[in-house]
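So you can see what is in the structure, the chains are spelled out below.
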Amino acid sequence: MKAKLLIALFLLIIFPPQTFAYADEANLAAVIQRNWSQWHDKQDNISYAQLVAQLECPYTGDDAAALVALAQYFRKNRINYSLNMDSVLKMAERPILQEGYQKELQSLAQASHELYASGQPNFSVLKQGPIGDCFFFSGIGWLANYRPQVLMNAITPLSDGRYKVVFPNNLQVVVNRPTDAEMLFFNSSSTISDGLWVTILEKAVGAILPNYTKRVVNEEEPAYNIALGGAPATIERIWTAKTPNVVYLHNSSYAEVRRMLVMMQKKQLMSQALTGKRPPTPSIAGNHVYAIMGFDDQHDVVTLWNPWGDEFSPLPGHSGFPRKHGVFHLSLKEFCAFYEVLFVE
């Protein structure tokens, strides 16, 4: 018995659990070399824009994971110039990129390719991914919690594998089925475990954003348009077919803000709030959109949802607001101090 235990211990030391490979995993450098001719589009070098343009191609498994890991590395490090294959292969040796590749493989293993893995949009697993689409995500989070049928009514599968999306404001678009690379690039592993629906809506909203902005858009990969950020008012117009009420909190009276929140709660209206660059407390993110999930007019408490969907408990003696799946509570006074703009349907 002791001999068996010693052998098992020896094997764990020599081959720790984290070194075991996934069934479809290949060396990152080998995957890059295998796909290079397709990724660089007949050029000697490759750029971030070229990687993003490849997201809609039907790569699967380690090919999709490597593409996304590399694209995310370019994005996070603001590499806005082209690199040749030798430079990219040297980059692939860096531990942070290797870890990113492993993370994408793990996320893909959790992904569901059904339209709705839970039968309908599931608010409890929604978490914003690595791109800056909080304005989009806070809106669909609110809808998933209070009006999931609105989201479901918008999406119709077509016989050719594509999806038709008709928004409540009557704008409509047909998008291709999300690829593995698109799901990984735009979303968290938790979100894509709930199915294709979020990525479908990201593609659809990205495709109609030119109706609301003068910004140059990416036509090859429509979902990327929402990665550039946007306005909560736009999302509310898209999903409610109404122009939202906009309240600038620092220029409004406490009574005016309270009156708007009471109306929001009574009528269960879609509502979001935007922070400034530097909120006066570190536990509230700057330049970030939150969904307003409720208002208790008996105690003047605002319930908000951070689309990061994170868990947080302040350490003893430290300030902060506990969050469970991103949901937390503020007094009305704190809300008015920490946020800059309120958007109510």
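Above: the structure in question.
Summarised in this report is the structure supplied together with it. Since the model is a prediction, treat every value here as computed from it, not as a measurement. (Residues numbered from 1 in each chain as written. Predicted model: local features only at pLDDT ≥ 70, side-chain atom pairs only at ≥ 80, totals over all residues. Heavy atoms only, no water.)

**Concerning helix α13 (residues 254-267)**
The first and last C-alpha atoms of α13 sit 20 Å apart over 14 residues, in line with the 20 Å expected at 1.5 Å per residue. Turning to α13, its buried residues are V257, M260, L261 and M264. Down the axis of α13, the buried side of the element spans an arc of 95 degrees, and every buried residue falls inside it. Those residues of α13 that are exposed and angled more than 90 degrees off the buried face are R259, K266 and K267. (Helix = DSSP H or I, 4+ residues; strand = E, 2+ residues; numbered from the N terminus. Expected span 1.5 Å × (residues − 1). Buried < 20%, exposed > 50% of the residue type's maximum accessible area, 1.4 Å probe, protein only. Arc of directions from axis to C-beta.)

**A closer look at the side chain of D180**
Here D180 is to be found in helix α9 (residues 180-186). Separated by 2.6 Å, the side chains of D180 and H113 make a polar contact. Among all residues touching D180, those that are not within four sequence positions of it are Y59, T60, G61, A64, L108 and H113. (Polar contact = N/O pair within 3.5 Å; in protein donor to acceptor, adjacent residues only side chain to side chain. Contact = heavy atoms within 4.5 Å.)

**Side note on the packing of aromatic side chains**
A complete count under the given rule lists twelve aromatic pairs for this structure. Taking 6.3 Å as the distance between ring centres and 70 degrees as the angle between the ring planes, the aromatic pair formed by F136 and F137 counts as edge-to-face. The class for F136 is buried, based on a relative accessible area of 0%. With a relative accessible area of 0%, F137 lands in the buried category. For the pair F167 and W239, a centre-to-centre distance of 5.2 Å together with 75 degrees between the ring planes defines the contact as edge-to-face. (Phe/Tyr/Trp six-rings, centres within 6.5 Å; stacked < 30°, edge-to-face > 60°.)

**Quick notes on the nonpolar core**
Among the nonpolar cores identified, the biggest contains 81 residues, and F136, W197 and W239 are the most heavily contacted of them. Here this core gets ten residues from one element, more than from any other, and that element is helix α4 (residues 61-76). Not counting chain neighbours up to four residues away, the residues in contact with F136 comprise V198, L201, E202, V205, I226 and I235. In this structure, L269, F321, C336 and V344 belong to the second largest nonpolar core, which totals 25 residues. (Core = buried A, V, L, I, M, F, W, Y, C linked by side-chain atoms within 4.5 Å.)

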